[in-house]
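Close look at the chain arrangement
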Amino acid sequence: MLVALTVNGEARQADVPSATTLVELLREHLALTGTKVGCGHGECGACTVLLDGEPVNSCLVFAAQCDGREVTTVEGLSRDGELDRIQNAFVDAGAVQCGFCTPGMIMSAAALLASNPAPSRNEIEEAVSGNLCRCTGYVKIVDAVEQAASESSREAKQQTERS
Amino acid sequence: MEYREDKGLVMLRLHQDEDLFESLEKACRECNVRTGVFVSGIGMLKQAELSFYVKYGKYATVLFPEPLELVSLTGTVLLQEGEYKFHLHAVLAKATKEAVAGHLSGGKVNVTNEIMILKSDIPAVRTLDEATGLMALTFEQEKA
């Protein structure tokens, strides 16, 4: 079946078997391997991407359900080879150990900050509660999202002052 | 296909390679089903199609071209303007013991299916729900 969708702002299409999942489409047909497969059952969140702006477990979504829709993966966050503010915050805060859960964590954080630019620590913990990490203990991950949020607020404030 | 009917309950046995919906429609017609409730449905399918709601009026249909255990089949059937309208959901198990589930839109029998339909005279039809684009269950007005 032919699936046509927008991935990271670019029109893409692929001829895939009918029961192909979104994560299989991304990794095996579109060579976007930033999205990881952990459990394959929607429990670990490693495969989190944005579908029309909403975070989804891409192992639980069929490619056919994404026809005509917009997908954002972790590869779609950077601009001109520069990491975005959430990715930088993860680096700065040391919120990465093995790194396997990181793309999913970052995409959940991106969804949160898009809808709630100044979340509380509890709201951050809630937003990444579907993303399991077996290395870090989560504290630095929440720190990183908090840092990214405060940087966004500072940038927004500076822009308002300039205009 | 074989069936027996008693006290409003239609018990069906479907055989290898039968088209599930063709056989269900034939049974409903022969048993004069006006409105039917799928009380139980188990067996095995050679392949199946599940559909998933995407947005207004649009479903994505996914073909599973492999033997699947029919773990559960539930839903309704309504006779509307001479045609049977099925609304069936199924839970299907793969050989890997993973389950997939959704709106069943096609299926072919593998070995056997055992399906129970409870007949009713409740006057119901499917009409377009403007909000979702779906054909929703609607009760016909009683004739005076």
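Structural notes, computed from the coordinates.

**Observations regarding unusual backbone geometry**
A positive phi is found at Asp52 of chain A, a non-glycine position, where the angle reads about 50°. Its location among the elements puts Asp52 of chain A in the loop between strand S3 (48-51) and strand S4 (54-57). Note on Asp52 of chain A: relative accessible area 42%, which makes it partly exposed. The phi dihedral of Lys97 of chain B is positive, around 75°, even though this residue is not glycine. Structurally, the position occupied by Lys97 of chain B is in the loop between strand S6 (83-93) and strand S7 (99-120). Since its relative accessible area comes to 76%, Lys97 of chain B is described here as exposed.

**Side note on the interface of chain A and chain B**
Every contact between the two is made by nine residues of chain A and, on the other side, nine residues of chain B. When chain A packs against chain B, the two sides together hide about 770 Å² of surface, and 61% of this comes from carbon and sulfur. Looking at the side of chain A facing chain B, the largest losses of area belong to Ser18, Phe62 and Gln65 of chain A, adding up to 49% of the total buried there. Our count for the contact surface shared by chain A and chain B stands at one salt bridge. Residue Lys58 of chain B is joined to Asp67 of chain A by a salt bridge in which the shortest nitrogen-to-oxygen separation is 3.8 Å. Inspection of the chain A/chain B interface yields two residue pairs in polar contact (both at pLDDT 80 or more). Considered class by class, the residues forming the side of chain A that touches chain B number four nonpolar, three polar and two charged.

**Some words on the sheet that holds strand S1 (residues 2-7) of chain A**
Residues and elements named next belong to chain A. If you walk across this open sheet you meet the five strands as S2-S1-S5-S3-S4, and the pairing is mixed. Of all the strands in the sheet, the pair left with one neighbour each is strand S2 (10-15) and S4. Here the strands of the sheet are splayed against their neighbours by 40° on average, with no regard to which way each runs. Looking at chain direction, S1 and strand S5 (residues 70-72) are connected through two bridges and run parallel. Within the sheet, the bridge partner assigned to Thr6 lies in S5 and is Glu70.

**Here we look at the nonpolar core**
Ranked by size, the top nonpolar core spans 35 residues in total, and within it Leu24, Phe38, Phe86, Leu92, Leu104 and Ile115 of chain B carry the most contacts. Counting residues per element, this core draws most heavily on strand S3 (residues 35-55) of chain B, which supplies six residues. One finds Met107, Ile124, Val128 and Ala148 of chain A within the second-largest nonpolar core, a separate group that totals 26 residues.

**Digging into the packing of aromatic side chains**
Scanning all chains against the criterion turns up five aromatic pairs over all chains. Both rings, one in Phe62 of chain A and one in Phe52 of chain B, keep their centres 5.2 Å apart while their planes meet at 40°; by these two values the pair is tilted. Placement of Phe62 of chain A in the loop between S4 and S5 and of Phe52 of chain B in strand S3 is noted, with the two residues assigned to different chains. Neither residue differs from the other here; Phe62 of chain A and Phe52 of chain B are each classed as buried.

**Observations concerning the side chain of Thr20 of chain A**
All names here are of chain A. With respect to the element layout, Thr20 can be found in the loop between S2 and helix H1 (22-29). By relative accessible area, which is 5% here, Thr20 ends up buried. At 2.6 Å, the side chain of Thr20 forms a polar contact with the backbone oxygen of Pro17. Contact partners of Thr20, with chain neighbours within four places excluded, come to Leu25, His29, Phe62 and Ala63.

**Quick word on helix H1 (residues 20-30) of chain B**
Residues and elements named next belong to chain B. Within H1 the residues assigned to the buried category are Leu20, Phe21, Ser23, Leu24, Ala27 and Cys28. Along the axis of H1, the buried residues cluster in a sector spanning 160°; they form a single face. Contact partners of the buried residues in H1: strand S2 (9-15), S3, strand S5 (68-80), S6 and S7. Backbone nitrogen of Phe21 and a side-chain oxygen of the N-cap are separated by 3.1 Å at the start of H1; the cap is Asp19. One or two positions beyond H1, positive phi appears at Asn32, with a value near 55°.

About the thresholds
- Residues numbered from 1 in each chain as written.
- Chains lettered and ligands numbered in written order.
- Predicted model: local features only at pLDDT ≥ 70, side-chain atom pairs only at ≥ 80, totals over all residues.
- Heavy atoms only, no water.
- Helix = DSSP H or I, 4+ residues; strand = E, 2+ residues; numbered from the N terminus.
- Buried < 20%, exposed > 50% of the residue type's maximum accessible area, 1.4 Å probe, protein only.
- Contact = heavy atoms within 4.5 Å.
- Buried area = accessible area lost by both parts, 1.4 Å probe.
- Salt bridge = Lys/Arg side-chain N within 4 Å of Asp/Glu carboxyl O.
- Polar contact = N/O pair within 3.5 Å; in protein donor to acceptor, adjacent residues only side chain to side chain.
- Nonpolar A, V, L, I, M, F, W, Y, C, P; charged D, E, K, R; others polar.
- Pairing = 2+ DSSP bridges.
- Axes fitted to C-alpha atoms, helices over the stretch in contact; angles between N-to-C directions.
- Core = buried A, V, L, I, M, F, W, Y, C linked by side-chain atoms within 4.5 Å.
- Phe/Tyr/Trp six-rings, centres within 6.5 Å; stacked < 30°, edge-to-face > 60°.
- Arc of directions from axis to C-beta.

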